[in-house]
Amino acid sequence: MDCKRAQELITPFINGQLDTEEADAFLEHMENCKECREEMEVFYSLVTAMKQLDDGTDLSDNYTAELNHKMEECYLEGLRRKRSCARRRMLLVSLIFLLLFMNGATAVEKRDEADERFLRSMERTEITGKESP
């Protein structure tokens, strides 16, 4: 992600409007770009202070700590979603293998039954000398 795109996403990030993929790219950029990080801290402080004034609540003592907490929560939420998605994929793969195995086992069972019928008919043929229907 470039700086221009990251700066466009500051407000959506503050308002919790980024999807997981965008949030991950945004957070990675903010970790590695001092200039964008400083701009986000200033913007976060201004927006949060204005909201607090509008709401009549006490102004925060440490906007940077709040922003760090918000970024950490967003990062952890992304990890939870990725783990959940990975678990679902593993479950799906396991179910597919189970179905394939069960289908294969059923096919082997049917083949074994057919082989047994064939062998019985062969035994009858040898005993009676005639082919049975």
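Residues numbered from 1 in each chain as written. Predicted model: local features only at pLDDT ≥ 70, side-chain atom pairs only at ≥ 80, totals over all residues. Heavy atoms only, no water.

Before going further, it helps to spend a moment on the overall build of the chain. The secondary structure content of the chain amounts to five helices and zero strands. Counting helices and strands in the order they occur from the N terminus, the chain gives α-α-α-α-α. A compact globule built from 133 residues should have a C-alpha radius of gyration of about 14 Å, whereas the chain, at 33 Å, is more than 25% larger. Scored against the burial criterion, the 133 residues of the chain give a buried share of 20%. In the chain, the proportion of contacts linking residues at least 24 apart, taken out of those at least 6 apart, comes to 51%. Accessible surface computed for the chain: about 10,300 Å², of which carbon and sulfur atoms make up 56%. (Helix = DSSP H or I, 4+ residues; strand = E, 2+ residues; numbered from the N terminus. Rg over C-alpha atoms; globule rule 2.2 N^0.38 Å. Buried < 20%, exposed > 50% of the residue type's maximum accessible area, 1.4 Å probe, protein only. Contact = heavy atoms within 4.5 Å. Areas by Shrake-Rupley, 256 points an atom, 1.4 Å probe, with all protein chains shown as cover.)

Moving on, we get to helix α3 (residues 20-32). Here α3 contains 13 residues, and its C-alpha end-to-end distance of 19 Å stays within 8% of the 18 Å for a straight helix at 1.5 Å per residue. The set of residues buried in α3 consists of Ala23, Asp24, Phe26, Leu27, His29 and Met30. Measuring from the backbone nitrogen of Glu21 back to the side-chain oxygen at the start of α3 gives 3.2 Å, which picks out Asp19 as the cap. (Expected span 1.5 Å × (residues − 1). Polar contact = N/O pair within 3.5 Å; in protein donor to acceptor, adjacent residues only side chain to side chain.)

This structure, assessed with the given rule, holds five salt bridges. With a shortest N-O distance of 3.7 Å, Lys4 and Glu8 are connected by a salt bridge. Of this pair, Lys4 and Glu8 both sit in helix α1 (residues 3-8), separated by four residues, roughly a single helical turn. Arg37 is the salt-bridge partner of Glu41, the closest N and O atoms lying 3.0 Å from each other. Separated by four residues within a single helix, Glu41 and Arg37 lie in helix α4 (residues 34-55), roughly one turn from each other. (Salt bridge = Lys/Arg side-chain N within 4 Å of Asp/Glu carboxyl O.)

Within the secondary structure, Phe43 is located in helix α4. Classification of Phe43 as partly exposed rests on a relative accessible area of 34%. A C-alpha to C-alpha distance of 8.2 Å links Phe43 and Thr11, two positions 32 residues apart in sequence. Once residues within four sequence positions are removed from consideration, Phe43 is found in contact with Ile10, Thr11 and Ile14.

What follows concerns the side chain of Thr48. Relative to the elements of secondary structure, Thr48 occurs in helix α4. Look at Thr48 and you get buried, because its relative accessible area is 12%. At 2.7 Å, the side chain of Thr48 and the backbone oxygen of Tyr44 are in polar contact. Ignoring any residue separated from it by four or fewer positions in sequence, one finds Thr48 in contact with Tyr63 and Glu66.

Just distances and angles here, no functional claims.
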